[in-house]
Amino acid sequence: MRHFPIFLDLRGRRVIVCGGGEVACAKLRTLMRSEARVSVFCPDPHPAIEALAAEGRLVLQRRWLAEGDALCAAIVYGANGAAAEDARIAGIGRRAGALVNIVDDLDGSDFISPALVDRDPVVVAIGTEGTAPVLARSIKAETEARLPQALGPLARIAAEFRKRVEALPPGRQRREFWARYFDHAGPSALATGGETAVRSRLPELLVEARVGTADPGRVSLVGAGPGDPDLLTLRARQRLDAADVIVHDRLVPQPVLDLARREALFIDVGKRAGGPSWGQDAIDRLLVVHARRGAHVVRLKSGDPGVFGRLDEELDALDAAGIDWEVVPGVTAAAAAAAGIGRSLTRRDRNSAVSFVTAEDRNGQAEQDWRALAAPGHVTAVYMGLRSARFLQGRLLLHGADPALPVTAVENAGRPARRIIETTLSQLPEALARGGVAGPAILFLGLAPRASEAVPLPAVAEA
Ligand code: SAH
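Quantities reported herein were computed from a predicted structural model and do not represent experimental measurements.

Some words on the site of the ligand
Not every one of the 18 residues close to the ligand is listed here, only the nearest: Asp304, Val307, Thr332, Ala413 and Ala441. The contact in question runs from an oxygen atom of the ligand to an N or O atom on the backbone of Ala333, over 2.9 Å. Here a nitrogen atom of the ligand sits 3.5 Å away from a polar atom, N or O, in the side chain of Arg415. Across the shell around the ligand, the residue classes break down as twelve nonpolar, four polar and two charged. Looking at the shell around the ligand, you find at least three residues from each of domain 3 (218-330) and domain 4 (334-445).

And the structure:
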């Protein structure tokens, strides 16, 4: 982020606009909504600017900006569209300690102006660092459509009432009070009886919130999918939006966490090499403790929570503590990996079953029904298989698998960094080592990519 967004308090501050044409007029239209004291410098201003001056809404100086004019100004805008004059203005502004903005000149400016959706006091500012004005316009249009016009008055009345809501305990109860007000109660009161009705509805809502029995905490065990935020379900997004506490694994990447409520408490229970490691018991206790305090806890697990995610153990702990829970399914890594190689996990006349196996369990390398997995035509998705590739290979060959069995490793499935490595059972460990596969990966046994995106190793005919 080169340009850091802030909202500047311009109440009573001086703002100078140099220029008197269309560009200056456009800038003034926005500035007139602020509480700044605006001065315009221009020998030959547009009639609209003269009109604003006549109404006393700005001070008009019919001359060019001179040294000393910008004293105590917060912002100086150069809106002449003439490079030499704008550079002179920038110098005067900066020497006076003001922030300088030259319209349509990114590098000549100390800040850039975002596109605005104005529901004062709720203001949405949209910036693209100057890279994609078209995109900013379309986001603005969508946001304009999404935010009710009534948001402004509702927010203003809410501000008057904010102190009284401190009677509610901070946290979820207050949030739920405001959610109820903004989502339903406020808009419907405004629609039926205007601002007066909103003002009389608010104390009622407060009483209802105080006598209403406080919700007990609960835990949502949510599948975060393979890593790309696009592959979250809508329900997962809603839970992330509402969470008080988020307990997540190492495999849940930052872009997914960025979608969660910013005020939520984030707890990383992922095991890291050398770092502190959370035992399953400690994780179970953590969920129970926070839910007992009334928090809405989101236990975020990569992929689907019910696939190699120790889900049952956490549900048992919550049941034992009498805490409400729900499971929100997610896209498991094997599904994302199969999509990434353009293959289906099952196929009529080839395999009517598919196995999801882990190569590791609490005892180390996991034993499986190797004969079944080695059978011709069978498809297996191996989770946590990288470290055990040689073991897998040995067991499968021992149980009669074809050395030429196609094997596909999909690293970082469902993420931008996805890589596909196509090999055969006989070459599996070497191919993984050569490919430097280090990220999370699914190994498909008995499945080759539809269209090879990988650098093909010695060609393998598909079984
Ligand atoms: N519950 C998860 C699996 C957790 S076990 C799910 O449903 O996907 C962790 C293993 O999942 C990793 O060792 C790796 O084999 C696999 N995995 C997780 N995310 C992955 C991804 N983005 N790409 C490939 N494999 C992934």
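A word on the packing of helix α9 (residues 280-292) against helix α10 (residues 311-320)
Viewed as axis vectors pointing N to C, α9 and α10 meet at an angle of 45°, and their least axial separation amounts to 9 Å. With respect to their mutual orientation, α9 and α10 come out oblique. Crossing of α9 against α10: the hand is right-handed. Every residue of α10 that contacts α9 at Gln280, Ile283, Asp284, Leu287 and Val288 is listed here: Glu313, Glu314, Ala317 and Leu318. Grouping the amino acids of the contact of α9 with α10 by side-chain chemistry returns five nonpolar, one polar and three charged.

Considerations on the sheet that holds strand β4 (residues 73-78)
Ordered by their spatial adjacency, five strands build an open sheet running β3-β2-β1-β4-β5, and the pairing between neighbours is parallel. The open sheet has two edge strands, β3 (59-61) and β5 (99-102), and neither has a second partner. The sheet shows a mean angle of 20° between the axes of neighbouring strands, direction not considered. Direction of pairing for strand β1 (residues 14-18) relative to strand β2 (residues 37-41): parallel, over a ladder of five bridges. Along β2, the bridge assignment pairs Ile16 with Ser39.

A short note on the packing of helix α13 (residues 389-398) against helix α14 (residues 428-435)
A packed helix pair is summarised by two numbers, namely the angle formed by the two axes and the spacing between the axes. Running from N to C, α13 and α14 point in directions that differ by 160°, and their axes come no closer than 8 Å. Classed by the angle they form, the pair α13 and α14 counts as roughly antiparallel. Seen along the crossing, α13 lies across α14 with a hand that is right-handed. Here α13 contributes Ala389, Arg390 and Gln393 to the contact with α14, which in turn contributes Leu428, Pro429, Glu430 and Leu432. Classifying every residue of the contact of α13 with α14 gives four nonpolar, one polar and two charged.

Conventions adopted
- Residues numbered from 1 in each chain as written.
- Predicted model: local features only at pLDDT ≥ 70, side-chain atom pairs only at ≥ 80, totals over all residues.
- Heavy atoms only, no water.
- Near = heavy atom within 4 Å.
- Polar contact = N/O pair within 3.5 Å; in protein donor to acceptor, adjacent residues only side chain to side chain.
- Nonpolar A, V, L, I, M, F, W, Y, C, P; charged D, E, K, R; others polar.
- Domains from an automatic or database assignment.
- Axes fitted to C-alpha atoms, helices over the stretch in contact; angles between N-to-C directions.
- Helix = DSSP H or I, 4+ residues; strand = E, 2+ residues; numbered from the N terminus.
- Parallel < 35°, antiparallel > 145°, perpendicular 65-115°, else oblique.
- Left-handed = near helix turned anticlockwise from the far one by under 90°.
- Contact = heavy atoms within 4.5 Å.
- Pairing = 2+ DSSP bridges.

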